[in-house]
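# Coordinate inspection notes
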Amino acid sequence: MADHSAKHLIIGGGIIGCSIAYHLARRGEKDVVLLEKAALTEGATWHAAGLVGQLRSSRNTTRMLQRSVEMYERLEAETGLVCDWKQTGSLRLAASSDRMLEAKRLTSMAHSFGLEMQVITPSEAKDLFPYISTEGLYGAAFIPSDGHVDPGGLCLSIAAGARLFGADLRQGVKVLDFQVANGRISGVETSEGLWEAETITLASGMWSRELGAKLGLTIPACAVEHQYIVTEPIPDFPDDLPTLRDPDRLVYYKPDAGGRLVIGGYEDDTLPFGDRGIPGDFVRQLLPDNLDRFAPLAEMAAITTPVVNEVGIRQVINGPIPYSADGDFVMGPAPGFDNLMLATGFLYGIAAGGGAGEMIAEWITEGRPSLDLWPLDNRRFGPHHGTRAFMYPRAVEHYAHHYKMRYPGAEAEAARNLRLSPLYERLKAKGAVYGSKNGWERPLWFAPDGVIPKDQLDFLDPGWKTFVTDEHKAVRQGVALCDQSSFAKFELVGPGALAAIENLAVSNMNKPVGAVIYTQLCNSGGGIEADVTITRLAENHFYIVTGAGFGVHDSDWIRRNLPADAILLEVTSARAVINLMGPRARDVLAQASESDVSNAAFPFATMRDIFIGTAPVRAIRIGYVGELGWEFHVPTEFAAHVYDLLCQSGADYGIRDVGYRAIEGLRLEKGYLYWSADITPDYTPVEAGLSARVHLKTKGSFIGREALQAQKTGQIMRKLCCFTSDNMLPLFGGEPILHGGKVVSLATSAGFGFTVGKSILYGYLDADLWEQEGFELEAFGERYQIQRAQAPLYDPENKRLNT
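Residues numbered from 1 in each chain as written. Predicted model: local features only at pLDDT ≥ 70, side-chain atom pairs only at ≥ 80, totals over all residues. Heavy atoms only, no water.

Check the secondary structure of the chain and you find 17 helices and 39 strands. Taken against the 2.2 N^0.38 rule, which gives 28 Å for 803 residues, the C-alpha radius of gyration of the chain at 27 Å falls within 12% of a compact globule. If one aligns the C-alpha atoms of the chain with their principal axes, the spans along those axes are about 85 × 70 × 50 Å. By the burial criterion, 61% of the 803 residues in the chain qualify as buried. (Helix = DSSP H or I, 4+ residues; strand = E, 2+ residues; numbered from the N terminus. Rg over C-alpha atoms; globule rule 2.2 N^0.38 Å. Buried < 20%, exposed > 50% of the residue type's maximum accessible area, 1.4 Å probe, protein only.)

Below is the structure:
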């Protein structure tokens with residue numbers, strides 16, 4: 001029998017936990033209880049620097065941070081407590097030509113997100129922040145709606161608001177352990193007794209990993225050391241200074257009370273904290289100063305703001321700050337538990353606190369947030385991400401690169417070579433330039449003889465495009481191989497498997513054995529939760545394939561909607577995947593296999609068990625590039641044998657290897673979509689142009705049917721559209737699309753199609769723009785004319801696929 005009960009129990013009394021309590025209570029939820037082992041703010045919140053910036057690399061993360069600002073603006077009036085929120089804007093300096101390009105790119109991105117941002121001159125930047133030196137500056141970017149705040153005061157103000165709306169915030173209550181039954185946390189053991197609750201939220205910052213371990217979870221949240229200094233007062237200090245970031249010198253600034261400056265930065269080789277366990281209670285504690293490690297930052301700060309040489313240091317703060325395995329938040333439902341929500345790993349928790357609390361409250365009460373937060377969803381991680389051997393080296397590397405130049409496509413270097421395809425060494429010997437996805441090493445492109453196999457990145461003209469052009473041509477004109485072993489693969493089995501997949505998928509799944517169905521799994525609102533290929537192996541046996549980075553997310557969605565008589569098994573490691581594609585693909589396969597692979601015997605969208613050499617192969621005739629081709633799902637131990645035989649059989653046809661960069665351009669030409677970019681839970685299949693995949697007449701009820709039926713039989717208010725330019729534009733996705741000088745959309749995906757000779761991008765347009773022309777794209781501060789086009793641009797009649 002429990003000693004205490006709540007409807008919603010939140011563990012952790014920092015800004016994130018208090019914000020969740022505030023938003024739940026503000027939404028009218030009753031019995032909201034927060035447990036804090038010490039006092040509020042006394043983990044990492046109290047010593048945070050307090051900068052509040054809104055722009056991030058994804059639209060919805062930026063929108064979430066904009067909601068933080070909206071909350072902070074109203075908080076004092078709502079609670080009566082001063083949180084010292086000052087909306088003085090933020091400056092980002094550019095002290096190199098590439099950094100100026102980055103500033104222009106960020107400004108274009110901000111415009112696409114609906115956030116005001118301006119590129120300004122060095123002298124205009126100095127007018128806003130008089131202490132900077134303009135020597136060597138190329139310019140700056142300014143966001144007027146950013147600001148800064150006192151972290152402790154803000155957290156206490158949010159806590160007051162939570163109490164005002166009826167939440168119970170209990171301090172001095174330590175969580176000791178958990179009780180689990182039937183996939184739910186049935187009890188939380190604490191220093192004041194046993195708690196029962198309908199929902200549990202772990203908002204415990206750097207303690208989340210230790211608490212998660214009690215539940216058998218490897219939560220990829222940790223902490224690293226971070227230092228900043230507080231200067232002595234500066235005479236005649238203005239009270240309206242913006243915050244300042246100088247990424248070329250790795251430092252940031254925040255105006256502080258009493259005419260002081262807070263100066264911090266992100267140096268190389270910071271130290272992990274708590275990697276061997278957090279010492280003691282660690283309540284409102286700091287770490288010993290490490291001025292030797294801070295010295296390079298101080299020297300840089302003296303270049304940015306020479307006044308630093310004239311004022312003394314009042315205080316040095318060295319405290320642990322939350323981090324994660326990829327430097328971003330860890331939010332959302334925890335796989336394996338029906339009632340556990342994660343809200344941890346917040347590097348910039350002060351900036352995110354208000355919006356993150358609102359999103360988690362929505363997730364808890366409505367089943368999903370109003371913004372798709374895939375870049376922050378904890379299900380982007382696999383179990384290996386939370387291990388000590390992966391998380392801390394990767395966190396230290398991400399920390400060091402917080403301000404360093406990161407060109408689009410840049411890859412992490414720490415904790416690599418973890419998940420290797422059986423073809424890894426063979427492809428490496430052929431010049432493969434590898435990237436990493438969910439721990440897998442995957443070929444991005446291939447360096448020809450005489451070219452160093454190292455990625456060639458740039459903002460305007462990345463060198464890899466030269467080599468990808470040839471790979472692209474090989475697929476379209478000859479034959480090519482791509483190692484896609486990183487696909488996440490599952491088998492759904494059991495007496496209820498057919499009924500389960502019929503309920504999950506929008507397409508008719510009751511197809512003959514051997515049928516291959518490309519389909520979407522949607523939520524109740526019709527939003528796309530997963531984009532998968534499913535092969536029927538037997539009456540109640542289905543083989544499900546999804547992207548390498550989506551396996552945890554998609555399998556969690558499936559498992560949460562499975563009946564008791566169906567089981568989902570992961571089989572990713574059991575099979576390597578070799579993709580054979582191109583107009584000569586059948587010629588190659590016919591030489592390598594004793595099976596009949598003619599079009600009559602093996603039509604498109606079917607699966608056959610065949611032999612390639614001596615290897616039993618699950619051959620699936622489908623692809624992602626728009627050419628004749630097969631995915632060979634090969635028992636791992638046979639993969640090298642199959643690959644070698646295909647290479648031998650294809651030698652006379654000029655067979656070659658291609659990487660994922662080529663695949664991206666090929667799929668854009670063919671109009672194939674990518675989940676997490678073109679299609680997300682924010683959009684439905686009907687809006688995305690996938691209406692043909694939604695089978696209303698040939699199946700009964702399924703998740704999302706009501707919403708999709710209304711769209712198919714009525715009208716939609718937006719749809720995904722294709723745009724092109726005859727020029728090779730510097731596009732990476734996220735750029736604003738304009739009409740009449742106003743931002744009307746953003747590029748969900750963008751790249752260059754080497755076959756059609758055009759830049760290609762996709763973006764959603766509202767209905768009143770469907771018949772309009774005269775669209776523009778903004779990239780790096782420049783505007784370009786783009787034209788509406790009917791997708792797919794390549795082989796619209798699918799003759800190549802069905803040959």
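Spatially, 6 strands are ordered β29-β30-β31-β28-β22-β32 in an open sheet, and the strand pairing comes out mixed. Looking at which strands have only one partner, the edges of the open sheet turn out to be β29 (607-612) and β32 (656-657). Of the strand pairs in this sheet, strand β22 (residues 480-483) and strand β28 (residues 575-581) are connected by 4 bridges, and their pairing is antiparallel. Following the sheet pairing, C482 is matched in β28 by N579. Relative to strand β31 (residues 629-635), helix α14 (residues 585-592) is tilted by about 35°, and along the sheet it contacts β28, β29 and β31. (Pairing = 2+ DSSP bridges. Contact = heavy atoms within 4.5 Å. Axes fitted to C-alpha atoms, helices over the stretch in contact; angles between N-to-C directions.)

So, on to the nonpolar core. Among the nonpolar cores identified, the biggest contains 121 residues, and M64, M331 and L340 are the most heavily contacted of them. Residue contributions to this core peak at 9 residues, all from helix α8 (residues 349-366). Residues in contact with M64, not counting those within four places in the same chain, are F329, M331, A352, G355, A356, M359, L371, L373 and L376. (Core = buried A, V, L, I, M, F, W, Y, C linked by side-chain atoms within 4.5 Å.)

Here S204 shows up in the loop between β11 (193-202) and α6 (208-213). Sequence-distant contacts of S204, that is, excluding residues within four places in its chain, are made with I11, G12, L211 and A343.

Read from one edge to the other, the open sheet built from 7 strands follows the order β35-β34-β38-β39-β33-β37-β36, with strand pairing classed as antiparallel. Every interior strand has two partners, whereas the edge strands, β35 (742-746) and β36 (749-753), have only one. Geometrically, the sheet is characterised by an average inter-axis angle of 40° between neighbouring strands, direction not taken into account. Strand direction decides the pairing type here: strand β33 (residues 718-725) and strand β37 (residues 758-766), joined by 8 bridges, are antiparallel. Across the sheet, residue C721 finds its bridge partner in β37, namely G763.

Our next topic: the environment of S123. Mapped onto the elements, S123 comes out in helix α4 (residues 122-128). Among the polar contacts made by the side chain of S123, one reaches the side chain of T121 at a distance of 3.1 Å. (Polar contact = N/O pair within 3.5 Å; in protein donor to acceptor, adjacent residues only side chain to side chain.)

Note on backbone geometry: most residues besides glycine have negative phi, and most peptide bonds are trans. P792 follows A791 through a cis peptide bond whose omega is 0°. Locating P792 in the fold gives a position in the segment after β39 (782-789). Phi is positive for D31, close to 55°, though the residue is something other than glycine. For D31, the position within the fold is in the loop between α1 (15-26) and β2 (32-36). The backbone of N182 shows a phi angle near 55°, a positive value even though the residue is not glycine.

Running from amino to carboxyl end, α14 crosses helix α15 (residues 639-649) at an angle of 120°, the nearest separation of the two axes being 9 Å. The handedness of the crossing between α14 and α15 comes out as right-handed. Each of V588, Q591 and A592 in α14 lies in contact with α15, whose residues at this interface are L645, L646 and S649. Of the residues that constitute the contact of α14 with α15, the class distribution is 4 nonpolar, 2 polar and no charged. (Left-handed = near helix turned anticlockwise from the far one by under 90°. Nonpolar A, V, L, I, M, F, W, Y, C, P; charged D, E, K, R; others polar.)

With that settled, consider the packing of helix α2 (residues 59-79) against helix α5 (residues 151-164). Viewed as axis vectors pointing N to C, α2 and α5 meet at an angle of 60°, and their least axial separation amounts to 10 Å. On the basis of the axis angle, α2 is oblique to α5. When you trace α2 past α5, the crossing you get is left-handed. Two secondary-structure elements touch here, α2 through M71, Y72, L75, E78 and T79 and α5 through L154, S157, I158, A160, G161 and L164. Residue composition of the contact of α2 with α5, by class: 7 nonpolar, 3 polar and 1 charged. (Parallel < 35°, antiparallel > 145°, perpendicular 65-115°, else oblique.)

A few words now on helix α17 (residues 705-713). Among the residues of α17, those classed as buried are R705, L708 and Q711. Along the axis of α17, the buried positions cluster into a sector of 130°, meaning they face one direction only. Structural note: α17 exposes E706 and T713 on the side pointing more than 90 degrees away from its buried face. (Arc of directions from axis to C-beta.)

This brings us to the packing of aromatic side chains. A full pass over the atoms with the stated rule returns 25 aromatic pairs. Arranged with centres 5.9 Å apart and planes meeting at 15°, the rings of Y131 and F237 form a pair that is stacked. Here the residue Y131 occupies a position in the loop between α4 and β6 (139-143), and F237 occupies one in the loop between β12 (221-231) and β13 (243-246), the gap between them amounting to 106 residues. The exposure class assigned to F237 is buried, which follows from its relative accessible area of 17%. Aromatic ring contacts, followed pair by pair, group Y252, Y266, Y323, Y399 and Y403 into a single cluster. If you follow R442 out to its NZ or CZ, it ends over the ring of Y660, 3.8 Å from the centre. The ring of W630 is capped by R621, whose NZ or CZ atom sits 5.7 Å from the centre of that ring. (Phe/Tyr/Trp six-rings, centres within 6.5 Å; stacked < 30°, edge-to-face > 60°. Lys NZ or Arg CZ within 6 Å of the ring centre and 35° of its normal.)

Moving on to the pattern of salt bridges. With the rule as written, the count across this model stands at 40 salt bridges. In this structure, R99 and D248 form a salt bridge, with 3.1 Å as the shortest nitrogen-oxygen distance. Of this pair, R99 sits in helix α3 (residues 97-113) while D248 sits in the loop between β13 and β14 (251-256); the two residues are 149 residues apart in sequence, bridging distant segments of the chain. Residue class for R99 comes out buried when judged on its relative accessible area of 3%. (Salt bridge = Lys/Arg side-chain N within 4 Å of Asp/Glu carboxyl O.)

One can find D328 in the loop between β17 (313-324) and β18 (330-333). Although D328 is buried, it makes no salt bridge; R380 carries the closest opposite charge, 5.5 Å away. Every residue in contact with D328, bar those within four places of it in the chain, is listed here: G345, Y348, P375, L376 and R380. (Lys, Arg positive; Asp, Glu negative; His and termini not counted.)

So, about the pairing of β11. By the criterion of burial, β11 is predominantly enclosed, with 8 of the 10 residues buried. Note that strand β1 (residues 4-11) and β11 share 7 bridges and pair parallel. Within β11, the position partnered with H8 by the bridge is T199. Relative to β11, strand β10 (residues 184-190) is paired through 3 bridges, and the arrangement is antiparallel. Its bridge partner being in β11, E189 is matched across the sheet by L194. The hairpin turn running from β10 into β11, its antiparallel successor, is 2 residues long.

All told, the structure shown has 0 disulfides when counted by the stated rule. Cysteine C83 remains unbridged, with the sulfur of C155 as its closest cysteine sulfur at 11 Å. Looking at C83, the relative accessible area reads 2%, which means it is buried. In this structure C482 is not part of a disulfide, and its nearest cysteine sulfur, from C647, lies 12 Å away. (Disulfide = S-S within 2.5 Å.)

Turning next to the pairing of β35. Relative to β35, strand β34 (residues 736-739) runs antiparallel, the two sharing 4 bridges. Across the sheet, P736 pairs through a bridge with L746, a residue of β35. Count of turn residues in the β34/β35 antiparallel hairpin: 2 residues, of which G740 carries a positive phi of about 65°.

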